[in-house]
Amino acid sequence: MKTIYKSEDGKNAVLQLYDSQLEKLGCSYQDQYVATSYGRTHLVETGNLNGPSLLVFHGGNSTTAYQLLLCRFLLDEFHVYAVDIIGHPGKSAEVSLSPHGYDYGEWANEVVSGLGFNQIRCFGGSFGGGVLAKFMCVAPEKIVKSVLLVPSGINNALPVGSAKMMLPLLQYVLTKDDQYITRAALYMAITREVLDTDTLDTVKNSFQYVKTKIGMPSNVSGKKMRRCTAPVLVMAGEYDCLFPARKVLKRAEKIVPDNTLYELKGRGHMHILTEEEKSRIIQFLK
């Protein structure tokens, strides 16, 4: 069977970090599994079990555990189902879907049905934002509200930023010196304050042990996206090398009927949200 990991030891290292990061949440959680036609899908159920249900999609070559650390501010308000995107590091089936077309949207639609929901709130960041955008096109009637945070799939830039990261990553391969992991991550983070231990551990683990996915979810069809009339908050980074605000917000305004647009001033793809911005997301999703 094909695997997304470079070795069995590498897979174990990724899952060990996954579990240790989940423990850092400081709240209870449980595993959920949903059968889909694309493969068995794992989710982490956590947060406020009496709150509105919220489906969370993580970033590419990353994990649900790391995404939940970034989204701790949502856990007091929402009953969170954080899904391991199929074919990415985590506990879902190791089945890689094409970033083109709408397979990711069909898969997400099956996940929501498998959880027993007719409609649900959604949050997706980066690659996960692109998966969510595909889902919004495939089953717009299932979306209550959506937040797309530095999303792919709306108006992707040419992958120049990804290419620039390759030199320090290759230097890391040769030297095993962690400074090169930091240098690579800085192309997306811009400032060092963004690169905490969990971020660097996740980047390092992914590059060292996982067969990296370079292709991001392709830009969605404007015609398909206009069918989604649910409220959508789109937040994009001013200096994002992958999905810059000037491109993402401009197209989102044209293709998302009920849009609220927000630029993360002075920030790149990796970023730190202000308390006001976290509150904005919470209030929007309620």
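Structure: see above.
The present account deals with the structure reproduced in this document. None of the values given here were measured: they were computed from a predicted structure.

1. Observations regarding the overall build of the protein chain
And step 1. Secondary structure assignment for the protein chain yields ten helices and eight strands.
And step 2. Expected size for 286 residues packed as a compact globule is a radius of gyration near 19 Å; at 17 Å, the protein chain falls within 12% of this value.
And step 3. For the protein chain, the spread of C-alpha atoms along the three principal axes comes to 50 × 40 × 35 Å.
And step 4. Taking all 286 residues of the protein chain together, the buried fraction comes to 56%.
And step 5. Restricting to contacts in the protein chain with at least 6 residues of sequence separation, those with at least 24 account for 74%.
And step 6. Entry remark: accessible area of the protein chain is about 12,300 Å², with carbon and sulfur atoms responsible for 51%.

2. Points about the pairing of strand β4 (residues 79-83)
And step 1. For β4, a buried count of five out of five residues is recorded, marking the element as mostly surrounded by other parts of the structure.
And step 2. In β4, alternate side chains face the same way, and those of H79, Y81 and V83 on one face and V80 and A82 on the other are all buried.
And step 3. Here strand β3 (residues 53-57) pairs with β4 via five bridges, running parallel. Within β4, the residue paired with V56 across the bridge is A82.
And step 4. On the question of chirality, the crossover connecting β3 to the parallel β4 by way of helix α2 (residues 64-70) is right-handed.

3. Considering the sheet that holds strand β8 (residues 259-264)
And step 1. Within the open sheet, the eight strands sit side by side as β1-β2-β4-β3-β5-β6-β7-β8. Their pairing is mixed. Of all strands in the sheet, those with a lone pairing partner are β1 (29-34) and β8, marking the two edges. Going across the sheet, the axis of each strand differs from the next one's by a mean of 20°, ignoring polarity.
And step 2. In terms of strand pairing, strand β5 (residues 120-125) meets strand β6 (residues 143-149) through five bridges, oriented parallel. Bridge assignment links F123 to a residue of β6, and that residue is V147.

4. What to know about the packing of aromatic side chains
And step 1. Taken as a whole, this structure holds four aromatic pairs when the rule is applied.
And step 2. Here Y104 and F127 contribute two aromatic rings whose centre-to-centre distance is 5.5 Å and whose plane-to-plane angle is 90°, an arrangement assigned as edge-to-face. In this pair, Y104 is assigned in helix α3 (residues 103-115) and F127 in helix α4 (residues 127-138), connecting sequence segments 23 residues apart. When sorted by exposure, Y104 lands in the same class as F127, which is buried.
And step 3. It is R40 that lies over the ring of Y33; its NZ or CZ is 3.7 Å from the centre.
And step 4. Stacked on the ring of F284, the Lys or Arg K145 has its end atom at 5.9 Å from the ring centre.

5. Details of the environment of T175
And step 1. Among the secondary structure elements, T175 is positioned in helix α5 (residues 160-175).
And step 2. On the accessibility criterion, T175 (44% relative accessible area) is partly exposed.
And step 3. C-alpha separation for the pair T175 and Q208, spaced 33 residues apart in sequence, amounts to 13 Å.
And step 4. There is a polar contact of 2.8 Å between the side chain of T175 and the backbone oxygen of Q171.
And step 5. Of the polar contacts made by the side chain of T175, one reaches the backbone nitrogen of D177; its length is 3.1 Å.

Definitions and limits used
Residues numbered from 1 in each chain as written. Predicted model: local features only at pLDDT ≥ 70, side-chain atom pairs only at ≥ 80, totals over all residues. Heavy atoms only, no water. Helix = DSSP H or I, 4+ residues; strand = E, 2+ residues; numbered from the N terminus. Rg over C-alpha atoms; globule rule 2.2 N^0.38 Å. Buried < 20%, exposed > 50% of the residue type's maximum accessible area, 1.4 Å probe, protein only. Contact = heavy atoms within 4.5 Å. Areas by Shrake-Rupley, 256 points an atom, 1.4 Å probe, with all protein chains shown as cover. Pairing = 2+ DSSP bridges. Right-handed = clockwise from strand over helix to strand, strands pointing away. Axes fitted to C-alpha atoms, helices over the stretch in contact; angles between N-to-C directions. Phe/Tyr/Trp six-rings, centres within 6.5 Å; stacked < 30°, edge-to-face > 60°. Lys NZ or Arg CZ within 6 Å of the ring centre and 35° of its normal. Polar contact = N/O pair within 3.5 Å; in protein donor to acceptor, adjacent residues only side chain to side chain.

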